Amino acid sequence: MSPAPRAVERRRPAAVLLRLLVGWLVAGVVTAGPAAAHAELVGTDPGEGARLSAAPERVSLEFSEGVSVGAGYLRVLDASGNRVDTGSAEADGATVGVALRGDLGDGGYLVTYRIISADSHPIAGSFSFVVGEGSLVDASVAGAADDDDPAVAAALPLARWIGFAGVALGIGIPTVLALCWPGGWGSSLLRRLTAAGLAATAVGAALAFLLQGPYSAATGLGSVADPALLSATAGSQVGLTLLARLALAAGLALLLLPWLRRDEPPVAQGLVLGGVLAAGVVVTTAAVGHPVAGPYPAIAILAATAHVAAMAVWLGGLGVLLAGALRDGVPPGQLATVLPRFSRLAAASVAVLVVSGVVQSVREVGSPSALFSTGYGRLLLAKLALVLLLLAAAGVSRVWVQQRLGVRRARAPRRRVTAHAFAAPAEPAPEVAAAAAARDEDLAQSAAAERGALRRSVLVEAGLAVVVLALSAVLVGTPPARATAAEPVDVTLPLQSAAGEDGSVQISLDPASTGANTLHVYLFDDAGQLTQPEDIRVTLTESGQEIGPLDVDLEPAGPGHYVGDDVVLPSAGTWTLAVSVRLDEFTATTARTDFPVR
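All values derive from a computational prediction rather than experimental measurement. (Residues numbered from 1 in each chain as written. Predicted model: local features only at pLDDT ≥ 70, side-chain atom pairs only at ≥ 80, totals over all residues. Heavy atoms only, no water.)

Q: Give me the overall build of the protein chain: which residues, what numbers.
A: Scanning the protein chain from terminus to terminus reveals 16 helices and 17 strands. Burial analysis of the protein chain (598 residues in total) assigns 43% to the buried set. For the protein chain, long-range pairs separated by at least 24 residues make up 69% of all intrachain contacts whose partners lie at least 6 apart in sequence. Accessible surface, the protein chain: about 28,500 Å² in total, of which carbon and sulfur atoms supply 59%. (Helix = DSSP H or I, 4+ residues; strand = E, 2+ residues; numbered from the N terminus. Buried < 20%, exposed > 50% of the residue type's maximum accessible area, 1.4 Å probe, protein only. Contact = heavy atoms within 4.5 Å. Areas by Shrake-Rupley, 256 points an atom, 1.4 Å probe, with all protein chains shown as cover.)

Q: Could you give me a rundown of the pairing of strand 15 (residues 561–569), with the residues and numbers involved?
A: Across 7 bridges, strand 11 (residues 515–524) lies against strand 15 in antiparallel orientation. Note that in strand 15 the partner of glycine 515 across the bridge is leucine 569. As paired strands, strand 14 (residues 555–558) and strand 15 are joined by 3 bridges and run antiparallel to one another. Pairing of glutamate 555 across the sheet is with valine 563, part of strand 15. In this antiparallel pair of consecutive strands, strand 14 and strand 15, the connection spans 2 residues, and glycine 560 shows a positive phi of 70 degrees. (Pairing = 2+ DSSP bridges.)

Q: Before we move on, can you summarise a negative patch on the surface with the specific residues and values?
A: A cluster of acidic residues, Asp553, Glu555, Asp565 and Asp566, forms a negative patch on the protein surface. With respect to the secondary-structure elements, aspartate 565 resides in strand 15. (Patch = residues over 30% accessible without salt bridge, like charges linked within 9 Å, V, L, I, M, F, W, Y side chains within 5 Å. Salt bridge = Lys/Arg side-chain N within 4 Å of Asp/Glu carboxyl O. Lys, Arg positive; Asp, Glu negative; His and termini not counted. Charge placed at Lys NZ, Arg CZ, Asp CG, Glu CD.)

Q: Give a description of helix 4 (residues 172–180) that names residues and reports values.
A: For helix 4, the set of buried residues is Gly172, Ile173, Pro174, Val176, Leu177 and Cys180. Close packing links the buried residues of helix 4 with helix 3 (150–170), helix 5 (188–217), helix 8 (257–262), helix 10 (297–325) and helix 11 (332–365).

Q: If you had to explain the pattern of salt bridges to someone new, which residues and values would you point to?
A: Any two side chains of opposite charge can pair, so long as their charged atoms come close to each other. Using the criterion set out here, one finds 6 salt bridges in the structure. Across the salt bridge formed by aspartate 103 and arginine 101, the nearest N and O atoms sit 3.2 Å from each other. The partner of aspartate 551 in a salt bridge is arginine 537, with the nearest N and O atoms 2.7 Å apart. With aspartate 551 in strand 13 (residues 547–551) and arginine 537 in strand 12 (residues 535–542), this pair connects stretches of sequence that are 14 residues apart. Overall, the relative accessible area of 42% leaves arginine 537 in the partly exposed class.

Q: Which residues make up the pairing of strand 4 (residues 67–78), and what values go with them?
A: Judged by how many residues are buried, strand 4 sits mostly within the fold: 9 of 12 residues are covered. The pairing of strand 4 with strand 7 (residues 107–117) spans 8 bridges and is classified as antiparallel. Within the sheet, the bridge partner assigned to leucine 74 lies in strand 7 and is tyrosine 113.

Q: Talk me through the nonpolar core; I want residue IDs and the actual numbers.
A: With 60 residues, the main nonpolar core has Ile171, Leu177, Trp181, Trp314, Leu339 and Phe342 as its most contacted residues. Sequence-distant contacts of phenylalanine 342, defined by excluding residues within four places in its chain, comprise Val176, Cys180, Val313, Trp314, Gly317, Leu318 and Leu321. Leu493, Ile536, Tyr562 and Val581 belong to the second-largest nonpolar core, a separate cluster that totals 25 residues. (Core = buried A, V, L, I, M, F, W, Y, C linked by side-chain atoms within 4.5 Å.)

Q: How would you summarise the packing of helix 7 (residues 237–255) against helix 9 (residues 268–286) if you had to cite specific residues and measurements?
A: One can describe the packing of helix 7 onto helix 9 by two numbers: an axis separation of 9 Å at closest approach and a directional angle of 155 degrees. It follows that helix 7 is roughly antiparallel to helix 9 by the angle criterion. Judged by the sense of rotation from one axis to the other, the crossing of helix 7 with helix 9 is left-handed. Residues Thr241, Ala244, Arg245, Leu248, Ala249, Gly251, Leu252 and Leu255 of helix 7 pack against Gly270, Leu273, Gly274, Leu277, Ala278, Gly280, Val281, Thr284 and Thr285 of helix 9. (Axes fitted to C-alpha atoms, helices over the stretch in contact; angles between N-to-C directions. Parallel < 35°, antiparallel > 145°, perpendicular 65-115°, else oblique. Left-handed = near helix turned anticlockwise from the far one by under 90°.)

Q: How would you sum up the sheet that holds strand 7? Please name residues and give values.
A: Taking strand neighbours across the sheet as the criterion, the 4 strands line up as 2-8-7-4 in an open arrangement whose pairing is mixed. Looking at the sheet topology across the chains shown, the edges are occupied by strand 2 (51–52) and strand 4. As paired strands, strand 2 and strand 8 (residues 122–131) are joined by 2 bridges and run parallel to one another. Pairing of arginine 51 across the sheet is with valine 130, part of strand 8.

Q: Hey, could you go over helix 7 for me, with residue numbers and the actual values?
A: A rise of 1.5 Å per residue sets the reference length of helix 7, with its 19 residues, at 27 Å; its end C-alpha atoms lie 27 Å apart and thus fit the reference within 8%. Taken together, the buried positions of helix 7 are Val238, Gly239, Thr241, Leu242, Arg245, Ala249 and Leu252. One side of helix 7 holds all its buried residues, which, seen down the axis, span an arc of 165 degrees. Where helix 7 is buried, its residues meet helix 3, helix 5, helix 6 (227–234) and helix 9. (Expected span 1.5 Å × (residues − 1). Arc of directions from axis to C-beta.)

Q: Break down the sheet that holds strand 3 (residues 58–63) for me, citing the residues and quoting the values.
A: One open sheet accounts for 4 strands, arranged 1-3-6-5; its pairing is antiparallel. Single-partner strands in this sheet number two, and they are strand 1 (41–45) and strand 5 (90–92). Direction aside, the axes of adjacent strands within the sheet are offset by 20 degrees on average. The sheet contact formed by strand 5 and strand 6 (residues 95–99) spans 3 bridges and is antiparallel. When the bridges of strand 6 are listed, glutamate 90 appears paired with glycine 97.

Q: So, the packing of aromatic side chains: which residues are in play, and what are the values?
A: Taken as a whole and judged by the stated rule, the model has 3 aromatic pairs. Between phenylalanine 63 and tyrosine 113, the ring centres sit 6.1 Å apart and the planes meet at 75 degrees, which makes this aromatic pair edge-to-face. You can see phenylalanine 63 sitting in strand 3 and its partner tyrosine 113 sitting in strand 7, a full 50 residues away along the chain. (Phe/Tyr/Trp six-rings, centres within 6.5 Å; stacked < 30°, edge-to-face > 60°.)

Put into structure tokens, the structure is as follows:
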């Protein structure tokens, strides 16, 4: 006989989590492939390092997914650092472009950009091209690097943490009261915690809105009130979502105001409308950051919404227990009512958290190896370790409730038993009901006398939850592992000579990470056929760290094919690979490309 469905549904969340993770790791090993790009530059016009006979009318950049200019920019500078664009960059889906002045002369030009991805993270970089005769322009012409301001980088996770904690208290506490403990509406401490949670939700949204502009533009805290940045944020998807969250939190606070101020429990209609507003707060909390970008955004937003909702219910319930039900003075009968109900609700919330968390992790990490090779992956592992400790503490609390109040898991029958139908009274006999009531009262009294042990266990849960929320706030602002995992370089570039393009070169560098790499270089003529040069030189440079140029030792591997078997990249950063080819005594060509090393 197969296990009963309810028994299957109530497997321990930790065991479910381990099974899902093991399945993902095995699948990642068997089907490992290159990590998907995440709002990365995939093409430019003019091309990187291109030499043009006439100045272009426009410069455009194409990304792997939809982007916006927002508070960022797309600028074109001459060799002196003066702007030569019209200053009106526009985004159209995954393409961003800016028109150039019509009086450009021969020389080198630098394109520098800071574009906002759909998940609100900036994407910055630069490249250069040449019109007529001249040299490529170094990125240093653009001035200071586009590094995030340290104060802004620290303030954004704090704002997110405030918002997450606010949702847990402001949404979770009323939800648990409505579902598990109607008698808790009279607790003044729970009313104050709910009000503080709704205020924190609004403050977190407001702070995130104010900080998004400086974060996008790479400016400091002094620019939070800059009208141009505020306008750019208000016109962006992330800005509108944050404003909606703030308005929904304020609306929910107004709806609950009679209870928050005068101890008037919400009526049924108020609870329904409050549930709608609370759902809006949860959705707008989930629909910011990584879920809205990348593959399958609808599924990602659904998983993130379930994750936030389950988090709010579980952690809000811990607040209800610590600030209400487990305090001295709460009648044993109420304690015996709320604990079993919340135990079942918490188990369901944890199951939702586990499944939705694994779905999001698989999407954002991409491959098991990225867990250990990227900052996002290592943060996720730290969060996972804390979640396992949190589940262990929750398991201790659940066992306490089961033992003290007689709440046990349904077990699947081991064998089939034949039962005969018989007539029974509609209601139990008075003596049976009295015995059951006496037993329940004894259990409630015993549980109330030993509530201190459960309070300590729940306090450990709450402490771990605070740290998990902090890690979650940092993860939301960290580029996902799919975008930061090392990816092999495989690009074909035009070979530029003084007279224009003359053939092409295909470059393959694997794995494009620190340490040893393998380089393959293929040379093609204008007809696309492999061609043998008189001489070839490949160099690697990391200008930001003043490394190089480093010469690469190449060995012939066939007509037009060269291999570098031990190409060592000493550090992470943005590296430039340059190829110089002498086709004959009079013709020399060059090509170069920038690529990230992680």
